[in-house]
Amino acid sequence: VQSYTTLVGYSLLSSTVAPFSAGYFIQLKPWEERHGPELEAQAIIARLNQRLARMPQAQVFAVAPPAIPGIGTGGGFSFMLRSPGGSSVDELSTNAKKMIAALREQPEIARVTTLFDAEVPQIFIDVDRDKMLRQGVAPASAYGALQAFMGGLYVNDFNRFGRQWRTYVSAEPEYRNQVDGINSFFVRNTAGDMVPLSSLTSPRSVIGPNYVTRFNLQRSAEILGGGKPGVASGDVLAAIERTAAKTLPDGWGVAFNNMSYQEKTAPSSGPVFALAVLFVFLILAAQYESWSLPFSVLLVVPAGVAGAFLALVLARLPFDVYGQVGLIMLIGLSAKNAILIVEFAKLEYEKGKSASEAALTAAKLRLRPILMTAFAFILGCVPLLRAQGAGAASRVSMGVVVVYGSLAATFIGIFLTPNLFVIVQSFAERFGGRPPVTPSATPSSASEPSVPADHSHATPPEEHA
């Protein structure tokens, strides 16, 4: 740790003022000074949470900053436990504890907690309205003085230094540390006399929540947590929904917020991949002027995708958004290698060769260019695969997909593409009714008159003599 900043009396995660809340902004040392995986941010957070969990005096935990600044206050998942109308705070607290206990048993969940607490010691002040009216004290004056004593009373706004500021009236801390300090506060009645607040109020100790959150007009409790390393965030959110369906009673539910809400509402990556493949197909169909030949190119793409997913499984990496970007790049590279073979096979096929001969000729002719371009691209992506430092996880995820997927697409594609060309072209000949085009030098019909041979190169008879 390089430095830290303390914030007392304010909850960073719930954005509420609470006397028993505090927060620390911890700044780690530069990456080049932290050697080894045990000094990475996630490893430090895991060790901190293990030690902080053994503190009985308070509920303390460490969280990473949000993946996207401004969307949420911490990393991991966040959802609201929604209660139906008419439910009490005690019921909300009971179901929140049941939900947390059930989530801790799920294999996808690493940590889970809530800031909602329905058993906070509080001071409740009863105001005797009859005494207030008999002594001529206006309700607004009495409640305003109580608010200034217990918290802060808003007065007005003013402009200064090009900004707008709010004015609050609040008692000094030493006068409101104890409830007996109310004896020092007075309020003016309609006759102009000062009336002590203690003669109008009677304090008592109660137990209740420090604050209650309303989410979509429903009384709710926010639950925070994070998934285990290597578990995709989508699997974590699915485990939360599955647990809520089994644990919560009828009428209760969960609603994701912050970054989790964005993940649930964002469209899946399936349409993006389908759109990428569709555009490649349409471009190839326009280039070859054929609806069948693009299939011999696109059918190689699953080989590269299979290699990429196998590499992710062996490396124990999630298929995150960076891997999805790498997969779109992989689709283009796999198609490029196949195009190099199909393009030349099509030219040989149009010269009169059979589909198998054309494919074999194109595979031999384009083997070296394919390997050279493929290895140039793969070696250029090796720095992604071996990335280190801050933000290396995103580059490694993309590098694993691109490098190993490209290797699979290259070594499998050089054997698979010629066979696919032959298969697709055979189907096109069988069902399309268009035989291969014969070369222009070959006579197109036996009925055409034959052209006499050219004997201009023959030796004249007199030269023999």
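All of these numbers come straight from a predicted model, not from anything done at the bench.

About the thresholds
- Residues numbered from 1 in each chain as written.
- Predicted model: local features only at pLDDT ≥ 70, side-chain atom pairs only at ≥ 80, totals over all residues.
- Heavy atoms only, no water.
- Patch = residues over 30% accessible without salt bridge, like charges linked within 9 Å, V, L, I, M, F, W, Y side chains within 5 Å.
- Areas by Shrake-Rupley, 256 points an atom, 1.4 Å probe, with all protein chains shown as cover.
- Salt bridge = Lys/Arg side-chain N within 4 Å of Asp/Glu carboxyl O.
- Helix = DSSP H or I, 4+ residues; strand = E, 2+ residues; numbered from the N terminus.
- Buried < 20%, exposed > 50% of the residue type's maximum accessible area, 1.4 Å probe, protein only.
- Contact = heavy atoms within 4.5 Å.
- pLDDT = per-residue confidence, 0-100.
- Core = buried A, V, L, I, M, F, W, Y, C linked by side-chain atoms within 4.5 Å.
- Expected span 1.5 Å × (residues − 1).
- Arc of directions from axis to C-beta.
- Pairing = 2+ DSSP bridges.

Overview of a nonpolar patch on the surface
Moving on, step 1. Nonpolar side chains collect at one region of the surface, where Leu275, Leu278, Phe279, Leu282, Ile283 and Trp291 lie side by side and expose about 650 Å² of accessible area between them.
Moving on, step 2. Within the secondary structure, Phe279 is located in helix α8 (residues 270-288).
Moving on, step 3. Residue classification places Phe279 among the partly exposed residues on the basis of a relative accessible area of 49%.

Notes on the environment of Ala118
Moving on, step 1. Structurally, the position occupied by Ala118 is in the loop between β4 (109-114) and β5 (120-127).
Moving on, step 2. A relative accessible area of 8% places Ala118 in the buried class.
Moving on, step 3. Separated by 28 residues in sequence, Ala118 and Asp90 place their C-alpha atoms 6.8 Å apart.
Moving on, step 4. Excluding its chain neighbours within four sequence positions, the residues that come into contact with Ala118 are Val89, Ser93, Ile207, Gly208 and Pro209.

What to know about the pattern of salt bridges
Moving on, step 1. Summed over all chains, the structure comprises eight salt bridges.
Moving on, step 2. The partner of Glu108 in a salt bridge is Arg242, with the nearest N and O atoms 3.5 Å apart. In this pair, Glu108 sits in the loop between α2 (89-103) and β4 while Arg242 sits in helix α6 (residues 233-247), placing the two residues 134 residues apart along the sequence.
Moving on, step 3. Taking the relative accessible area as the measure of exposure, Arg242 reaches 36% and is therefore partly exposed.
Moving on, step 4. Taking the shortest distance from any N to any O, the salt bridge between Lys346 and Glu350 comes out at 2.6 Å. You can see Lys346 and its partner Glu350 sitting in helix α11 (residues 321-350), four residues apart, about one turn around the helix.

Description of the confidence of the model for the protein chain
Note: predicted coordinates in regions of low pLDDT should not be interpreted at a detailed level.
Moving on, step 1. On average, the protein chain scores 80 in pLDDT, and the residues at 70 or more come to 90%.
Moving on, step 2. Model confidence for the protein chain, summarised as mean pLDDT per element, is weakest for helix α14 (residues 461-464) at 40 and strongest for α2 at 91.

What to know about the nonpolar core
Moving on, step 1. The biggest cluster of nonpolar side chains holds 23 residues, and the ones touching the most others in it are Phe77, Phe79, Leu81, Met99 and Ile240.
Moving on, step 2. If you list the elements that add at least two residues to this core, you get β3 (77-82), α2, β4, β12 (218-227), α6 and β13 (253-256).
Moving on, step 3. The dominant element in this core, judged by the number of residues it contributes, is α2, at six residues.
Moving on, step 4. With residues near it in sequence (within four places) discarded, Phe77 still touches Ile109, Arg111, Val112, Ile223, Leu224, Gly225, Gly226, Gly227, Val236, Leu237, Ile240 and Ser260.

Focus on helix α1 (residues 41-52)
Every α-helix carries 3.6 residues per turn, so stepping three or four residues along brings you back to the same face.
Moving on, step 1. An ideal rise of 1.5 Å per residue puts 16 Å on 12 residues; α1 measures up with 16 Å between its terminal C-alpha atoms.
Moving on, step 2. Every buried residue belonging to α1 is among Ile44, Ile45, Asn49 and Leu52, and all of these are buried. Angularly, the buried residues of α1 cover 135° about the axis, an arc narrow enough to put them on a single face. Turned more than 90 degrees away from the buried face of α1, the exposed residues are Gln50 and Arg51.
Moving on, step 3. Against the buried residues of α1 lie β4.

A word on the pairing of strand β6 (residues 153-160)
Moving on, step 1. Two elements, β6 and strand β7 (residues 163-169), share seven bridges in a ladder whose sense is antiparallel. When the sheet's bridge partners are listed, Arg160 is paired in β7 with Arg163.
Moving on, step 2. Hairpin connection, β6 to β7: the antiparallel pair is bridged by two residues, and Phe161 has positive phi, about 60°.

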